Amino acid sequence: MSTGDGRDGKIRSVLFKGELGGKLAGLSLPRQIVTIALWPLLEQIMGFICSCNTVILSNNLGTTQEQTTQIASGIGVTSYVMWLGFLMQGSVAMGATAIVSRMTGARKFGEANFAANQAASMGLLAGIVSAFLMFFTTDYLVINFLNLAGYAQEVALRFMHIGCWVAIFSGVIFAVNAALRGAGDTRTPFLFMLSMNGLQVLLSLVLIKCFGMNIEGLAWGMMLAMAITAAFLVGLLVRRTLRIKRSMGACTDLDAYARSVSSTFVPPIFLRLHSLFPRWSMIYRIVCIGFPQAVEVCGVWLVQIYVMRIISSLGDASVGAHNIAIRIESLSFLPGFAIGIASATLVGQYLGARNPRKAVATVWKCTWYALLFMGLMGVVFYAFPELFIYPFAANSQALVDTARPVVQLFLVAEPVYATMMLFKTSLRGAGDTRRVMYVTYGCMGIFRFGVLFLWHAYWPETISLVGIWSLFVLDMAVESAILYRLFTGMKWARRKV
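Quick look at the structure, then. (Residues numbered from 1 in each chain as written. Predicted model: local features only at pLDDT ≥ 70, side-chain atom pairs only at ≥ 80, totals over all residues. Heavy atoms only, no water.)

Overview of the overall build of the chain
- The helix and strand tally for the chain stands at 19 helices and 0 strands.
- On C-alpha atoms alone, the chain measures out to a radius of gyration of 23 Å, which is about the 23 Å that the 2.2 N^0.38 rule sets for 497 residues.
- Dimensions of the chain, computed from the C-alpha atoms along their principal axes, are close to 80 × 45 × 40 Å.
- A buried classification covers 55% of the 497 residues belonging to the chain.
- Across the chain, every contact between residues at least 6 apart in sequence was considered, and the portion connecting residues at least 24 apart equals 83%.
- Per element, the accessible surface of the chain, about 20400 Å² overall, is 68% carbon and sulfur.
- Placing the 39 positive and 22 negative side-chain charges of the chain at their respective mean positions leaves the two points 15 Å apart. (Helix = DSSP H or I, 4+ residues; strand = E, 2+ residues; numbered from the N terminus. Rg over C-alpha atoms; globule rule 2.2 N^0.38 Å. Buried < 20%, exposed > 50% of the residue type's maximum accessible area, 1.4 Å probe, protein only. Contact = heavy atoms within 4.5 Å. Areas by Shrake-Rupley, 256 points an atom, 1.4 Å probe, with all protein chains shown as cover. Lys, Arg positive; Asp, Glu negative; His and termini not counted. Charge placed at Lys NZ, Arg CZ, Asp CG, Glu CD.)

Structure below.
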């Protein structure tokens, strides 16, 4: 074909639409995955260290084995109460990721930036509502529903009456970070989460060791760290605004400005004051994607809180061991979660660039990577369970004995969890949150509620913590099989956001 062929521009246009810009331009698919997943992986490692610090610090506040077990039980329950509070924030974040990634892939940068600003405003509102929701439901959930008593109840209430207000700041942070990831910028969220987690560890240690604040020191350390990080994040976005306004000059069209810079340039997410005021059209789009996830997570929370009620009936050692097992499991899906973020981002961007073939290849490659990493972690957990349990158990042998068989079960659980997680995050990245919700509701409703309800009603003496976790694995296996069918059906590739 000659240079002057009239079809040359059309062919170049088609090729251009199938590729990504910014830091991802010209990279192979594995390198694109690594480029996006690296910073979320480091972010998850820091988050894991921070959460472990909270558990280890709290458990070491106990002076006897019994008190340590009760503290582990009380702190373990707070994560479920806070899960309820972060429900709406997660839905806003999911909507922001899906829309921003799709618009970035389609090179509609003005719309992507507008969506990010709208998500930030929605995140703030969701955070305020979440804080009051946690404040008014904590006493009922801890005392009446989860049936905590004695010192364990006191620990949970003292922590939550302060910690619930952290949601006001986390709403903005989660929404903006989700938008940044959707645009392919995973480094900035990492730096801010690094700041937040580092500050939380430092402030908690200072408040407990220097000011003797005990459980309250953990809660205040978390809230102050989140508030400072939110202020830093807003400051960065304002700085970006000033910088990009200087660069654009008289140009007011962000898309035209990006085209004038280069064909692969991706402008950063920044603040636009008029874009922060709620606009129903974009709110509706974010809600359409995020609401099914909110409903899904709400259902998951209801089922999990019911499961926690059953576990609490097994005693403080089971509640504490369950919390320890969750912390250890979270170590295994650090790489899996980071790869899931990469998959969701790339799927959205490739669909926006009208390249579903690359979107499919992304999901398969990310799934195999997650299986490899998480499967290997499952082998390590099975071979050396005490290595991971002892730092959390402090001086309680009861916690060690109860948690050991659960951690060894991860040998089977990790590959199953990896498959389910990658299919879910990928479908959500495409905006197909509604069908993921149906699968989650159906499987968890059957196994984690229905089967467990019958088990507890007719054979309560046979229930054990490892038995409940085995039921979790069965649930995830069935979910994985159904999600595989949804993925290969390819309806998600035609989903409009």
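Still more to cover.
Describing a nonpolar patch on the surface
- Where nonpolar side chains cluster on the molecular surface, the patch consists of Val34, Leu38, Leu42, Ile45 and Ile49 and spans about 380 Å² of accessible area.
- In this fold, Ile49 is placed in helix α2 (residues 29-59). (Patch = residues over 30% accessible without salt bridge, like charges linked within 9 Å, V, L, I, M, F, W, Y side chains within 5 Å. Salt bridge = Lys/Arg side-chain N within 4 Å of Asp/Glu carboxyl O.)

Things to note about the packing of helix α17 (residues 410-429) against helix α19 (residues 465-489)
- Here α17 crosses α19 at 35 degrees, and the two axes come no closer than 8 Å. Relative to α19, the crossing made by α17 is left-handed. Contacts from Phe410, Val412, Ala413, Val416, Tyr417, Thr419, Met420, Phe423, Lys424 and Leu427 in α17 reach Trp469, Val473, Met476, Ala477, Glu479, Ser480, Leu483, Tyr484, Leu486 and Phe487 in α19.
- Grouping the constituent residues of the contact of α17 with α19 by class yields 16 nonpolar, 2 polar and 2 charged. (Axes fitted to C-alpha atoms, helices over the stretch in contact; angles between N-to-C directions. Left-handed = near helix turned anticlockwise from the far one by under 90°. Nonpolar A, V, L, I, M, F, W, Y, C, P; charged D, E, K, R; others polar.)

Focus: helix α8 (residues 187-209)
- The end-to-end C-alpha distance of α8 is 33 Å, a good match for the 33 Å that 23 residues give at a rise of 1.5 Å each.
- Every buried residue of α8 is listed here: Thr188, Pro189, Phe190, Phe192, Met193, Met196, Asn197, Gln200, Ser204, Leu207 and Ile208. (Expected span 1.5 Å × (residues − 1).)

Examining the nonpolar core
- Phe159, Ile328, Phe410 and Trp492 are the most contacted members of the largest nonpolar core, which has 148 residues in total.
- For this core, the element with the most residues is helix α13 (residues 316-352), which contributes 14 residues.
- Ignoring anything within four residues of it in the chain, the contact list for Ile328 reads Phe381, Phe388, Ile389, Phe392, Val407 and Phe410.
- In terms of nonpolar packing, the next biggest core, distinct from the first, is built from 7 residues, Ile244, Leu254, Ala258 and Phe270 among them. (Core = buried A, V, L, I, M, F, W, Y, C linked by side-chain atoms within 4.5 Å.)

Topic: the packing of helix α4 (residues 87-105) against helix α5 (residues 109-145)
- Following both chains from N to C, one finds α4 and α5 inclined at 180 degrees, their axes separated by 9 Å at the closest point. Between α4 and α5, the interaxial angle falls into the category roughly antiparallel. Residues Met88, Gln89, Val92, Ala96, Ile99, Val100, Met103 and Thr104 of α4 touch α5, and the partners they reach there are Phe109, Glu111, Ala112, Ala115, Ala116, Ala119, Met122, Gly123, Ala126, Gly127, Val129 and Ser130.
- Considering only residue class, the contact of α4 with α5 consists of 14 nonpolar, 5 polar and 1 charged. (Parallel < 35°, antiparallel > 145°, perpendicular 65-115°, else oblique.)

Considerations on the side chain of Glu414
- As for its position among the elements, Glu414 is in helix α17.
- Look at Glu414: it is buried, it has no salt bridge, and the nearest opposite charge is Arg448 at 11 Å.
- Leaving out residues up to four positions away in the same chain, Glu414 has contacts with Glu329, Ser332, Met374, Gly375 and Gly378.

Topic: the pattern of salt bridges
- Counted by the stated rule, this structure contains 9 salt bridges.
- Of the charged contacts in the structure, one is a salt bridge between Asp401 and Arg404, with a shortest N-O distance of 3.6 Å. One end of the pair is Asp401 and the other is Arg404, both in helix α16 (residues 397-408) and 3 residues apart, which spans about a single turn.
- Taking the relative accessible area as the measure of exposure, Arg404 reaches 23% and is therefore partly exposed.

Concerning the environment of Ser58
- Within the secondary structure, Ser58 sits in helix α2.
- Owing to a relative accessible area of 0%, Ser58 belongs among the buried residues under this scheme.
- Separated by 302 residues in the primary sequence, Ser58 and Val360 have C-alpha atoms spaced 44 Å apart.
- Setting aside residues no more than four positions away along its own chain, Ser58 makes contact with Ile71, Ile75 and Leu218.

Here's the deal with α4
- Taking 1.5 Å of rise per residue, 19 residues should cover 27 Å, and α4 covers 28 Å from first to last C-alpha, within 8% of that figure.
- In terms of burial, α4 is largely enclosed, as 17 of its 19 residues are buried.
- Backbone geometry just after α4 places Arg107 at a positive phi near 60 degrees.

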